[in-house]
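Each chain is listed here by its residues.
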Amino acid sequence: MSMMGDSPGGATAARRGLESSVSFPTAEATLSYRHSPYGRGFMDRSVRRLVVTVLLFGIVTGLFLIYALSGQRAVPPAPGPDETAAEEVLTDAPDSDRSAGPPPVPGDVDHGPAEDDAVVDLDDIDPDQPRLSIDELRARPAHVEGIDPDAEPTSLGSLNPNEAPLLVEFSRNGAGIKRITSSRHWYTVLARKQAEAHYAALAAGDAEIPPLPGEELRYVLKKERPLEGVMIPILATNRIEVTPGGAGEEERRLVTLWNWAETAPGRFEIVVVNADEEPALRVIRQYGLGENGGITLQQRVQNLSGRPLDVRWLQYGPGDMEVERTRYLDRRRFRFGYLLSPERNPHRHLVFADDRSLILERRDVAKREGGDRTLWPNRTSETEGYELSWFGSTNRYFAVVIHPLLDEEGRGRKSLTPVVQRIEMEHSAGGAEGDSIFTYLYSPVHTVDAGHTLLLDVGLYAGPMERATLANVEPFKSLAMDGLVVYMMSTWCAICTFQWLAAFLLIILEFFHGYIFFDWALAIIGLVIVVRLILHPITKKSQVNMMRFGKQMQSMKPEMERIQKKYKDDKKKQQEETLRLYREHGVNPFQMLGCLPMFLQIPIWIALYAMLYFAYELRQEPAFFGIFQMIGGWPFLADLSTGDHFFGQFADPILLFGFWNITGLNVLPILMAVMLYIHQKYMTPPPSPSMSDEQIQQQRIMRIMIVGMMPIFLFNAPSGLTLYILTSSAIGIVESKYIRAHVDKMDLEPKVTQPVSPAGKKKKKPKDPQARAYAEAMERAKKERSRKSSKPRSFKKRRDG
């Protein structure tokens, strides 16, 4: 296992404030009145347009100022250096309360013994102690009387959701986390409902308590994984690099920090000794469990050597997440939150996570070869001057994120750089559970004077990517961790998925679910109706034009065949005569919209697909009030975020072709294909008389392929998406029948128009923009041909003629 030991030197950026002023020009306008058919005093159109523009500009400017001023009041001031240094207190117990004010600043050095002697016990250290030798340093577990070094470490939290959100199990190896298990999440919807009934009865004190599902169905957020035959816990320490103060890199000592002693629940200690068994460093790790999936990790490095030391800390970071059982495709990612450069963000209180180039797909990271192991800093962060605020790993619904510690009001330093300056990865082939990606977190080099303590505190979030929590609960709100929620199927197709559209669709669904239908499936059907109503005018116009175009083409068929036969050897002339025929019969191909309504819905389908796939709010939500589950626990539409499982759900998913994860047999994709086929018969335009039999056959094969491939590609897609497409196609068929019945009453007989307008009358331009553009293009082509025909011949051509 090879790891880089060098770290790029830190640089201090000069901060400077940016002042901006906004000035608004004033204008005086004189409103003139005139007599008109509408009455006296009616303003001129241009004046009215000016007044409306000024009013709109004033309203928008006022709203912007209100938002800007309120935003400035809502942002707490950045803590100064004196404020943060005064609060360097280490908490002894994991559940003890911290005094008000910002937490200890990571990377700072405690200048002197702390007040809590149980944590920083330097009373027995002589201030005038001579410098100890730091040759042949090694680490050994701290010895504590009355504690069995072989006992299993104490866990924090509980599996009862009424007591704690998580159960955190520890390992002495690296003083890391062995497993993080959610108390309220399960792998299947049936297991979740059974567990909810159990804990509800337990809290109510019922005499009969339903049994819990099997422990193997509990959702494990993260667990230790093997690397070169060694199980690596989460956030385990790897080593500490120690160099005498002022010495060069050749004097650097690498000390592995692996075998720790648990001195209290969630607290681990290790001592670094020299060749004479004299303690040179004492390292403490203290875990605490907060609310909403928050875990605190306070790390202390005490210098007992009697000399200044340069220290660099290296630990494991969040590796790739556990793969989702109900996944359609593997969408595990690595994410970054960052601060802008001091020039762009002087106060350093705004965190961002919206740079799409910083979303790293797990499959792309696994393919990195050679020395390309650095995840941070990267090309984007160095070019833009970003500073790391948090780093995490995500799967479809859950995330594990390491971040700086903030207080309950979101105050504190939001940069993770004092603890994590560089992030590297290592891809391991793994074992029975498949390959894994491990990450290494390098701190910058810190100088720790004799008798002082280095603070390396961090926080860890392990929980669902639930926007309501990440956007409204501290410290996640101040760290902008709601940026973890991205409705995007793939980074290469980021432009295909409009984030604003996916978020807007989720808002509509939540409104329908929370206030009208109280059911997600009915909310999806309501969304279909809304979209269909919006697109109805376009759908009606396209079908009317399509039927008119079909009748016009039928009337022109004899003349088209004559033109094709007469000019079969002159394609250019054939095209010119065809266009002339179109013009004489008033045919405009651009007005025939055809399948445009279906194409307009494709962005909605893509956004809805991504939203239904990644929205935690829809995870394990049943359709139609769970009526199908009342029939003997039938899994049909029990979870709108996975397949419909009409014919049952597999106990273990089947992986086909290495990427296609089948969790059950579904029927909605098949019904969707049938509806699409019927819908196509109504929406597909008739073949043009100019098309050959081969082209007509190709068009027919293409339609069949689309209908056949859709259920294959969407077989294991979220049932909410297939329900949307199925409902949309069914409503589209009814809508088409209604439109055709209305069109049958209209006069669509083709009307032949003369190519030349009557003398003395100006030719009327079409009202439709596309028809007008078509007419103008035909007029330009006609003038070009007339110009070329009237061009005088050269002397040679006249002589030969």
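Residues numbered from 1 in each chain as written. Predicted model: local features only at pLDDT ≥ 70, side-chain atom pairs only at ≥ 80, totals over all residues. Heavy atoms only, no water.

S.K.: What is the right way to read the overall build of the protein from this model?
M.R.: Helix and strand counts for the protein come out as 15 helices and 30 strands. A burial count over the protein gives 47% of its 801 residues as buried. Sequence separation of 24 or more characterises 69% of the internal contacts of the protein that already satisfy a separation of 6 or more. Of the roughly 41,500 Å² that the protein leaves accessible, carbon and sulfur atoms contribute 57%. (Helix = DSSP H or I, 4+ residues; strand = E, 2+ residues; numbered from the N terminus. Buried < 20%, exposed > 50% of the residue type's maximum accessible area, 1.4 Å probe, protein only. Contact = heavy atoms within 4.5 Å. Areas by Shrake-Rupley, 256 points an atom, 1.4 Å probe, with all protein chains shown as cover.)

S.K.: Even after reading the chapter, I still don't get the packing of aromatic side chains, so can you show me in this structure?
M.R.: Aromatic ring pairs: the centre-centre distance and the angle between the two ring planes describe each pair. Evaluation of the coordinates by the stated rule reveals 24 aromatic pairs. Here Phe-268 and Tyr-287 contribute two aromatic rings whose centre-to-centre distance is 6.3 Å and whose plane-to-plane angle is 85 degrees, an arrangement assigned as edge-to-face. One end of the pair, Phe-268, is in strand E14 (residues 267-273); the other, Tyr-287, is in strand E15 (residues 279-289), with 19 residues separating them in the sequence. Comparing Phe-268 with Tyr-287, the two get one shared label, buried. Between Arg-422 and the ring centre of Tyr-442, over which it is positioned, the NZ or CZ distance is 4.0 Å. (Phe/Tyr/Trp six-rings, centres within 6.5 Å; stacked < 30°, edge-to-face > 60°. Lys NZ or Arg CZ within 6 Å of the ring centre and 35° of its normal.)

S.K.: What is the right way to read a nonpolar patch on the surface from this model?
M.R.: Where nonpolar side chains cluster on the molecular surface, the patch consists of Ile-701, Met-705, Met-709, Ile-712 and Phe-713 and spans about 460 Å² of accessible area. Assignment of secondary structure puts Ile-701 in helix H12 (residues 693-713). Judged by its relative accessible area of 41%, Ile-701 is partly exposed. (Patch = residues over 30% accessible without salt bridge, like charges linked within 9 Å, V, L, I, M, F, W, Y side chains within 5 Å. Salt bridge = Lys/Arg side-chain N within 4 Å of Asp/Glu carboxyl O.)

S.K.: Hey, could you run me through the sheet that holds strand E6 (residues 166-170) in this one?
M.R.: The strands that make up a sheet pair up through hydrogen bonds in the backbone, lying either parallel or antiparallel. Read across the open sheet, the four strands follow the order E5-E6-E7-E8; overall the sheet is antiparallel. Edge positions in the open sheet fall to strand E5 (156-157) and strand E8 (218-223), since each of these has one partner strand only. Pairing between E6 and strand E7 (residues 177-186): five bridges, direction antiparallel. Directly across from Phe-170, in E7, lies its bridge partner Ile-177. (Pairing = 2+ DSSP bridges.)

S.K.: Could you clarify how one ought to interpret the environment of Trp-520 in this entry?
M.R.: With respect to the helices and strands, the residue Trp-520 is situated in helix H8 (residues 520-566). When its relative accessible area of 6% is taken as the criterion, Trp-520 is described as buried. For Trp-520 and Pro-622, which are 102 residues apart along the polypeptide, the C-alpha to C-alpha distance reads 7.5 Å. Other than its neighbours up to four places away in sequence, Trp-520 contacts Leu-509, Glu-510, His-513, Glu-617, Leu-618, Glu-621 and Leu-640. Within the local environment of Trp-520, its side chain forms a polar contact with the side chain of His-513, the two groups lying 3.4 Å apart. (Polar contact = N/O pair within 3.5 Å; in protein donor to acceptor, adjacent residues only side chain to side chain.)

S.K.: Help me understand helix H7 (residues 499-516) in this model?
M.R.: Compared with the 26 Å implied by 1.5 Å per residue over 18 residues, the 25 Å span of H7 between its first and last C-alpha is a close match. The complete set of buried residues in H7 reads Gln-499, Leu-501, Ala-502, Leu-505, Leu-506, Ile-508, Leu-509 and Phe-512. Positive phi appears at Phe-518, one or two residues downstream of H7, with a value of about 60 degrees. (Expected span 1.5 Å × (residues − 1).)

S.K.: Where do I start with the environment of Phe-268 in this structure?
M.R.: Owing to a relative accessible area of 0%, Phe-268 belongs among the buried residues under this scheme. Along the sequence, Phe-268 and Ala-175 sit 93 residues apart, while their C-alpha atoms lie 6.2 Å from each other. Filtering out sequence-adjacent residues up to four positions away, Phe-268 remains in contact with Pro-153, Phe-170, Ser-171, Ala-175, Trp-260, Ala-261, Glu-262, Val-283, Ile-284, Arg-285 and Tyr-287.

S.K.: What exactly am I supposed to notice about the nonpolar core here?
M.R.: Inside soluble globular proteins, nonpolar side chains tend to come together where they are buried. Among the nonpolar cores identified, the biggest contains 63 residues, and Ile-180, Ile-240, Tyr-287, Phe-336, Phe-391 and Ile-423 are the most heavily contacted of them. Apart from residues no more than four positions distant in its own chain, Ile-423 is found in contact with Phe-336, Arg-373, Thr-374, Leu-375, Trp-376, Leu-388, Phe-391, Thr-439, Tyr-440 and Leu-441. Listed in part, the 62 residues of the second largest apolar core include Leu-406, Tyr-461, Leu-501 and Met-710. (Core = buried A, V, L, I, M, F, W, Y, C linked by side-chain atoms within 4.5 Å.)

S.K.: Sorry, what's going on with the packing of H7 against H8 here?
M.R.: Any two packed helices are characterised by how steeply their axes cross, that is the angle between the axes, and by the distance between the axes. It is the contact of H7 with H8, at a shortest axis distance of 8 Å, that shows an interaxial angle of 120 degrees. When the axis of H7 is compared with that of H8, the two are oblique. Between H7 and H8 the crossing geometry is right-handed. Seen from H7, the contacting residues are Leu-505, Ile-508, Leu-509, Glu-510, Phe-512 and His-513; seen from H8, they are Trp-520, Ala-523, Ile-524, Gly-526, Leu-527 and Val-530. (Axes fitted to C-alpha atoms, helices over the stretch in contact; angles between N-to-C directions. Parallel < 35°, antiparallel > 145°, perpendicular 65-115°, else oblique. Left-handed = near helix turned anticlockwise from the far one by under 90°.)

S.K.: Explain the side chain of Thr-439 here, please?
M.R.: As for its position among the elements, Thr-439 is in strand E25 (residues 434-442). Owing to a relative accessible area of 0%, Thr-439 belongs among the buried residues under this scheme.

S.K.: I tried to follow the packing of H8 against helix H13 (residues 719-743) on my own but got confused; where do I start?
M.R.: Packing of H8 against H13 leaves a shortest axis separation of 8 Å and a crossing angle of 35 degrees. The chirality of how H8 crosses H13 is right-handed. Residues that form the contact of H8 with H13 fall into these classes: 14 nonpolar, nine polar and four charged. (Nonpolar A, V, L, I, M, F, W, Y, C, P; charged D, E, K, R; others polar.)

Coordinates in, geometry out; function isn't part of it.
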